[in-house]
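Now for the letters of each chain:
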Amino acid sequence: MLNINSDKLSRKTKYGLAAAAFAVSTIAIIAYLKSDDRSKPAAAVSAPVSKTPAQLAAAPATKPAPPPVVKPTAKPAKAKKPAKPKKAKKVAGNPSAAYAPANLSVLNTNGAWTWFNNKRAILDSAHRQIIFSSVSNSAGKDRRKGNIDITAYHLDTKKTERFTLNNTLKANDDHNSAALYLRPDGRILAMYATHNGDKMLRWRISNKPGDISSWGNEQSVNAGDRASYSNLVASDMQASVLYNFTRSVGFDPNLLVSQDKGTTWSYGGRLLNDNGSNKRKGRPYTLYASDNAGRIHIIATDGHPRDTRNTIYHGIISDERLLRADGAVVDSNIFDGKAVRPKALSVVMKAQPDASQWIQDIAVGTDKQPYAAFSLRKLIQPKANGKKLDSWIIYYYYGRFDGKQWQVTPLAYGGTPLYNNEKDYSGLVALDPANPWRVFISTNSDPANGLPLISRSDNKRHYEIFEGRSNDNGKTWNWQAVTRDSGSDNIRPTVVAAAGSDTYVLWLRGRYASYKKYNMNVVGALPYTPAK
């Protein structure tokens, strides 16, 4: 073997040989990453190194570190060709290898939801039941097309019942799932819209507390323009003012308001205005959480990450005003028909030039301060050599507002996009609303080291659910598998919990081809008990 450090070689020859060695190393690593036939990843290692908000906002060196295997050696002259990775032996698969919580229940055999309708699931503690909404799909087991369903799981009897709120829209679209609100009188309000199908927001109210089998007639209100999404948020525990935040006029966040706990509704106006001439290029996405004491926290983006290099922002609704995180007023009257741009709010995560960011979840702690989850998508290998798909990786981030500023740190590797047409669709992060230092995520990568999750059940890569806990205020996270070696994907978890109650985790399980085509069961660990 030729020694490139030999004194007999010219400097030019040495550099040429070193560059060739580095190229071989890079090709081997890329081949390993793109291989669908890899051995099961090793045990998790420590989570990505945490960074301060200032570092996260800075230029490229502060972006989340890519998986170690794609980071080139600093000095090409010292690059060495890595050992060729061993390929996993092809076997028939072992379905018995799959692991899920012992109390996992199938709650609805055909349904899905999106994370921009909230709340998707609620706890009716007085009647010991979990209630959630989902939308069926004609690709599902029973071929029901576009039914907007309400399902109740009775914690004592472990039985489920289902009621169809609407079966006339007939839209195979998970965006149409209902937002739910448990009224102070014990009855349930469900509100829903089509996905840009018309201008109407529809709602129904159950007739009796603790009973989802009987509902009042469907009613509707004009949202001013084609509508999508419902987010039912009360200003306080008494629901003195109940808001429904939707997307309508200008493709922007708009609001409707009810002064009678959801019995009647009126259009309130536009909450944010991106001022974009092309409404599809400038549509802010928003999530909301109330502190139940008069303040509603908002996280928002500039637009869809497919179209915009998003910065993520934080604002507060208080006394019919819109505030920055520091309390500065940016809109003195949210009902006056005027609205500010998202950039008027406080910055949580600054846009990065070579990555796209989106929002995943928000909750408010007992200290009345918000915490939230975000995703960041980055290209790790451009389209090349006639390959159809680019290679993207998604990272999850966690942020918490301490009353003065946001502390944002890396959370986990989120894996690859759910499908190519929506590269920012991830498995999703769900926060525990009763514990800021506990999360549940869906990913098809090891959350700590980013290696692909190859199931022993069928030798395919699947999304699995993990529980994450932090003992150092979100700087690092410890991970435990909730599902493992599954024969299908587990995505879009949501957590139902209250102070002093058990934790209930629901998610979707099956095949998700797109938001218009899916064959998913709604499943849940009710309650969730960590494996020993």
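Given the structure is predicted, the values throughout are model-derived calculations rather than measurements.

Parameters and conventions
Residues numbered from 1 in each chain as written. Predicted model: local features only at pLDDT ≥ 70, side-chain atom pairs only at ≥ 80, totals over all residues. Heavy atoms only, no water. Helix = DSSP H or I, 4+ residues; strand = E, 2+ residues; numbered from the N terminus. Buried < 20%, exposed > 50% of the residue type's maximum accessible area, 1.4 Å probe, protein only. Contact = heavy atoms within 4.5 Å. Areas by Shrake-Rupley, 256 points an atom, 1.4 Å probe, with all protein chains shown as cover. Salt bridge = Lys/Arg side-chain N within 4 Å of Asp/Glu carboxyl O. Phe/Tyr/Trp six-rings, centres within 6.5 Å; stacked < 30°, edge-to-face > 60°. Pairing = 2+ DSSP bridges. Axes fitted to C-alpha atoms, helices over the stretch in contact; angles between N-to-C directions. pLDDT = per-residue confidence, 0-100. Core = buried A, V, L, I, M, F, W, Y, C linked by side-chain atoms within 4.5 Å.

**Focus: the overall build of the protein**
Regarding its fold elements, the protein presents 2 helices and 31 strands. Per-residue burial for the protein yields a buried fraction of 53% across its 532 residues. For the protein, contacts bridging at least 24 residues in sequence account for 58% of all contacts bridging at least 6. Split by element, the accessible area of the protein, about 23200 Å² in all, is 51% carbon and sulfur.

**Considering the environment of Asn292**
Structurally, the position occupied by Asn292 is in the loop between β15 (286-290) and β16 (295-301). Along the sequence, Asn292 and Ala234 sit 58 residues apart, while their C-alpha atoms lie 7.1 Å from each other. In this view, Asn292 contacts Ser235, Asp236 and Met237; residues no more than four positions away in its chain are not counted.

**Looking at the pattern of salt bridges**
According to the stated counting rule, one finds 18 salt bridges in the structure shown. Arg469 is paired through a salt bridge with Glu467; the nearest N and O atoms lie 2.9 Å apart. Several salt bridges converge on common partners, so that one network encompasses Asp432, Arg438, Glu467 and Arg469.

**Focus on the environment of Val439**
Here Val439 is to be found in strand β26 (residues 438-443). A relative accessible area of 0% means that Val439 is categorised as buried. Sequence separation between Val439 and Ser470 is 31 residues, and the spatial gap between their C-alpha atoms is 9.0 Å. Residues contacting Val439, with those up to four places away along its chain left out, are Tyr398, Leu411, Val429, Ala430, Leu431, Phe466, Glu467, Gly468, Trp477 and Trp479.

**Quick notes on unusual backbone geometry**
With an omega of 0 degrees, the peptide bond between Asn118 and Lys119 qualifies as cis. Within the secondary structure layout, Lys119 lies in the loop between β1 (104-108) and β2 (121-124). In this chain, Leu526 is followed by Pro527 through a cis amide linkage whose omega measures -5 degrees. Positive phi, close to 105 degrees, is recorded for Leu428, a residue that is not glycine. Given a relative accessible area of 1%, Leu428 falls into the buried group.

**Quick look at the packing of aromatic side chains**
Inspection of every chain in the model, using the stated rule, returns 24 aromatic pairs. Relative to Trp358, the ring of Phe116 lies with its centre 5.6 Å away and its plane at 45 degrees, an arrangement referred to as tilted. In this pair, Phe116 sits in the loop between β1 and β2 while Trp358 sits in strand β21 (residues 355-364), placing the two residues 242 residues apart along the sequence. The two residues Phe116 and Trp358 agree in class, both being buried.

**Topic: the sheet that holds strand β4 (residues 148-154)**
Reading across the sheet, the 4 strands line up as β2-β3-β4-β5 and stay open at both edges, with antiparallel pairing between neighbours. Either end of the sheet is taken by a strand with one partner, and the two such strands are β2 and β5 (159-166). Each adjacent strand pair in this sheet contributes to an overall mean axis angle of 20 degrees, direction not counted.

**Brief notes about the sheet that holds strand β31 (residues 517-525)**
Pairing is antiparallel across the open sheet formed by 4 strands, whose spatial order is β1-β31-β30-β29. Every interior strand has two partners, whereas the edge strands, β1 and β29 (489-496), have only one. With strand direction ignored, the average angle separating the axes of adjacent strands in the sheet is 30 degrees. Two elements, strand β30 (residues 504-514) and β31, share 9 bridges in a ladder whose sense is antiparallel. In the sheet register, Leu508 faces β31, and the bridge partner there is Val522.

**Some points on the pairing of β26**
Within β26, 6 of the 6 residues are buried, which leaves the element mostly enclosed by the surrounding structure. Neither face of β26 is exposed, since Arg438, Phe440 and Ser442 on one face and Val439, Ile441 and Thr443 on the opposite face are all buried. Across 3 bridges, the pairing between strand β25 (residues 429-431) and β26 is antiparallel. Following the sheet pairing, Ala430 is matched in β26 by Phe440. Hairpin connection of β25 to β26: 6 residues between the antiparallel strands. Two elements, β26 and strand β27 (residues 464-469), share 6 bridges in a ladder whose sense is antiparallel. Its bridge partner being in β27, Ile441 is matched across the sheet by Phe466.

**Quick word on the pairing of strand β12 (residues 242-247)**
Among the 6 residues that make up β12, 6 are buried, leaving the element largely enclosed by the rest of the structure. Burial along β12 is two-sided: the face carrying Leu242, Asn244 and Thr246 and the face carrying Tyr243, Phe245 and Arg247 are both buried. Here strand β11 (residues 228-234) pairs with β12 via 5 bridges, running antiparallel. Opposite Asn231, over in β12, you have Phe245 as the bridge partner. Judged from the 6 bridges that link them, β12 and strand β13 (residues 253-258) form a sheet pairing that is antiparallel. In the strand pairing of β13, Tyr243 is matched with Val257. Following β12, the chain reverses through 5 residues before pairing antiparallel with β13; Gly250 in that reversal takes a positive phi of roughly 75 degrees.

**Some words on the confidence of the model for the protein**
Looking at the protein as a whole, the pLDDT averages 84, with 79% of positions reaching at least 70. With pLDDT under 50 throughout, residues 1-92 is counted as low confidence; its partners more than four residues away or in other chains account for 117 contacts.

**Some details on the nonpolar core**
Membership of the largest hydrophobic core comes to 66 residues, with the highest contact counts inside it found for Leu165, Ile359, Phe374 and Tyr512. By residue number, the principal contributor to this core is β21, which donates 5 residues. Ile359 has contacts with Trp115, Phe116, Tyr285, Thr286, Leu287, Ile299, Thr301, Ile312, Ala373 and Phe374, leaving out every residue within four places of it along the chain.

**Focus: the environment of Tyr515**
Structurally, the position occupied by Tyr515 is in the loop between β30 and β31. Considering only alpha carbons, one finds Tyr515 and Thr114, 401 residues apart in sequence, at a separation of 8.3 Å. With near-sequence residues (within four places) excluded, Tyr515 lies in contact with Asn172, Asp173, Asp174, His175, His195, Tyr419, Glu422 and Tyr425.

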